[in-house]
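Spelled out, the chains give:
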Amino acid sequence: MLRIIDAQTGEPVEAAPARRGLTRVEAHARGLDPTALRVLLVADVLVRALELGGTPVWGLLAGERQQAELRAAAAALGVRPLEDRSAAGPGLGERQILHVVADEGTAPEGVRVGVAAVEVSAVAGRLPREPAAAVPGEGVPGEGVPPGLRLGPLGPLLDGDPAVLRLALLSRRRSEPVRLDARALTEARETLDRWRGIVAEWARQPSRPVPDEVRARLRAAWEDDLDVPGVLRVLRWVEGEPELPDGARFETYVHADRLLGLDLARDLGALP
């Protein structure tokens, strides 16, 4: 059962208190900046985690300004579309409402899912450009920023393979500040390249089910206050565990990517 620490009370709450009851996830963003983009990314991963547990979810965006730019940046990052809160009406009888908001932000009464700030280093630079293999808006990272939109400091970070930025943001717990510098982005790039390559290699082997122990460890991580870095640690263990067959490694990474949204199977069929 997914539990979230309420930023207002410091206490854990059930993200979906009623079995099969509707949960509303509402992302609050004041405008276009790296922290606001992280808020939308956390909301996206939260929606994915709830759906993996069988919970119906209604995702909304409550924004004050620059919504077109923010939605374009989020789509490039693989964030699935969120409905406009101002046009959504009073509600659909949801049993839980989760407000995803920056630590210094404001939100209506309810459970607050706090998101720490993002700092972008001036030397972070432009991400290496690669051909996009994903359809923008379909929940996987890809080039999807319409021409003419000004994305400020986010522009260079999204002008390449946006999955690198997504992984860099996911590599810290949402309660911890993130500094996006050249080192963080290089580490994310190297990890993503390695994982996509080995997933393509593992795909050539006979498929095997995700081991029960591994599935349990993945779920235990993301159900513990959405501990995505814990999920990444499990994947690193799977990568180096000699007793696991490659077919099981492949299915594990594909399963985890339903939460992570990194398009880890992108290079399938690309190896000679």
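Relevant structure appears above.
Below is a summary of the structure that appears in this document. Given the structure is predicted, the values throughout are model-derived calculations rather than measurements.

Attention now moves to helix α5 (residues 182-202). Look at α5: 30 Å from first C-alpha to last across 21 residues, which is about the 30 Å you get at 1.5 Å a residue. Three or more residues of α5 are buried, namely Leu-185, Ala-188, Arg-189, Thr-191, Leu-192, Trp-195, Arg-196, Ile-198, Val-199, Ala-200 and Trp-202. Lining the buried residues of α5 we find α3 (154-158), α4 (162-170), β9 (178-180), α7 (228-240) and α8 (246-260).

Along helix α6 (residues 212-222), the positions that sit buried rather than exposed are Val-214, Leu-218, Ala-221 and Trp-222. When α6 is viewed along its axis, its buried side chains cluster within an angular range of 90° and face the same direction. The exposed residues of α6 that point more than 90 degrees off its buried face are Asp-212 and Glu-213. At its buried positions, α6 is contacted by α1 (34-52), α7 and α8.

Tracing the chain through its elements places Gly-93 in the loop between β5 (83-84) and β6 (96-102). Residue classification places Gly-93 among the exposed residues on the basis of a relative accessible area of 58%.

Time to look at the packing of aromatic side chains. A ring pair, where both rings are aromatic, is described by two values, the distance of the centres and the angle of the planes. Summed over the entire model, instances satisfying the criterion amount to two aromatic pairs. Judged by centre distance (5.4 Å) and plane angle (90°), the rings of Trp-195 and Tyr-253 are edge-to-face. In this pair, Trp-195 sits in helix α5 while Tyr-253 sits in helix α8, placing the two residues 58 residues apart along the sequence. Each member of the pair, Trp-195 together with Tyr-253, is buried. On the numbers, 5.1 Å between centres and 75° between planes, the contact of Trp-202 with Tyr-253 is edge-to-face. With Trp-202 in helix α5 and Tyr-253 in helix α8, this pair connects stretches of sequence that are 51 residues apart. Taking the relative accessible area as the measure of exposure, Trp-202 reaches 7% and is therefore buried. Overall, Tyr-253 belongs to the buried group, its relative accessible area being 0%.

Right, let's get into the pattern of salt bridges. Under the counting rule described, the total for this entry stands at 25 salt bridges. Among the salt bridges present, the one from Glu-14 reaches Arg-3, with a minimum N-O distance of 3.7 Å. Placement of Glu-14 in strand β2 (residues 12-14) and of Arg-3 in strand β1 (residues 3-5) is noted, with a sequence separation of 11 residues between them. Take Arg-3: its relative accessible area is 39%, and that puts it in the partly exposed class. Across the salt bridge formed by Arg-85 and Glu-26, the nearest N and O atoms sit 3.0 Å from each other. A residue pair is termed long-range when its members are at least 10 positions apart, and Arg-85 in the loop between β5 and β6 and Glu-26 in strand β3 (residues 23-29) qualify at 59 residues. Take Arg-85: its relative accessible area is 23%, and that puts it in the partly exposed class. Residues joined by salt bridges that share partners form a network here, namely Asp-161, Arg-189, Asp-193, Arg-196, Arg-266 and Asp-267.

The subject of this paragraph is the packing of α6 against α7. Relative to each other, α6 and α7 sit at 160°, their axes nearing to 8 Å. With respect to α7, the axis of α6 lies roughly antiparallel. Across the interface between the two elements, Glu-213, Val-214, Arg-217, Leu-218, Ala-221 and Trp-222 from α6 touch Gly-230, Val-231, Val-234, Leu-235, Trp-237 and Val-238 from α7. A class-by-class count of the residues in the contact of α6 with α7 yields nine nonpolar, one polar and two charged.

A word on unusual backbone geometry. Excluding glycine, a negative phi dihedral is what most residues carry, and trans is how most peptide bonds are arranged. For Leu-226, which is not glycine, the phi dihedral falls at a positive 55°. Checked against the element boundaries, Leu-226 lands in the loop between α6 and α7. When its relative accessible area of 5% is taken as the criterion, Leu-226 is described as buried. Backbone geometry at Asp-263 places phi at a positive 55°, although glycine is not the residue there. As for its position among the elements, Asp-263 is in the segment after α8. You can call Asp-263 buried: its relative accessible area is 15%.

Okay, the pairing of strand β7 (residues 111-115) next. The buried fraction of β7 is high, at five of five residues. Burial along β7 is two-sided: the face carrying Val-111, Val-113 and Val-115 and the face carrying Arg-112 and Gly-114 are both buried.

What counts, and at which threshold
Residues numbered from 1 in each chain as written. Predicted model: local features only at pLDDT ≥ 70, side-chain atom pairs only at ≥ 80, totals over all residues. Heavy atoms only, no water. Helix = DSSP H or I, 4+ residues; strand = E, 2+ residues; numbered from the N terminus. Expected span 1.5 Å × (residues − 1). Buried < 20%, exposed > 50% of the residue type's maximum accessible area, 1.4 Å probe, protein only. Contact = heavy atoms within 4.5 Å. Arc of directions from axis to C-beta. Phe/Tyr/Trp six-rings, centres within 6.5 Å; stacked < 30°, edge-to-face > 60°. Salt bridge = Lys/Arg side-chain N within 4 Å of Asp/Glu carboxyl O. Axes fitted to C-alpha atoms, helices over the stretch in contact; angles between N-to-C directions. Parallel < 35°, antiparallel > 145°, perpendicular 65-115°, else oblique. Nonpolar A, V, L, I, M, F, W, Y, C, P; charged D, E, K, R; others polar.

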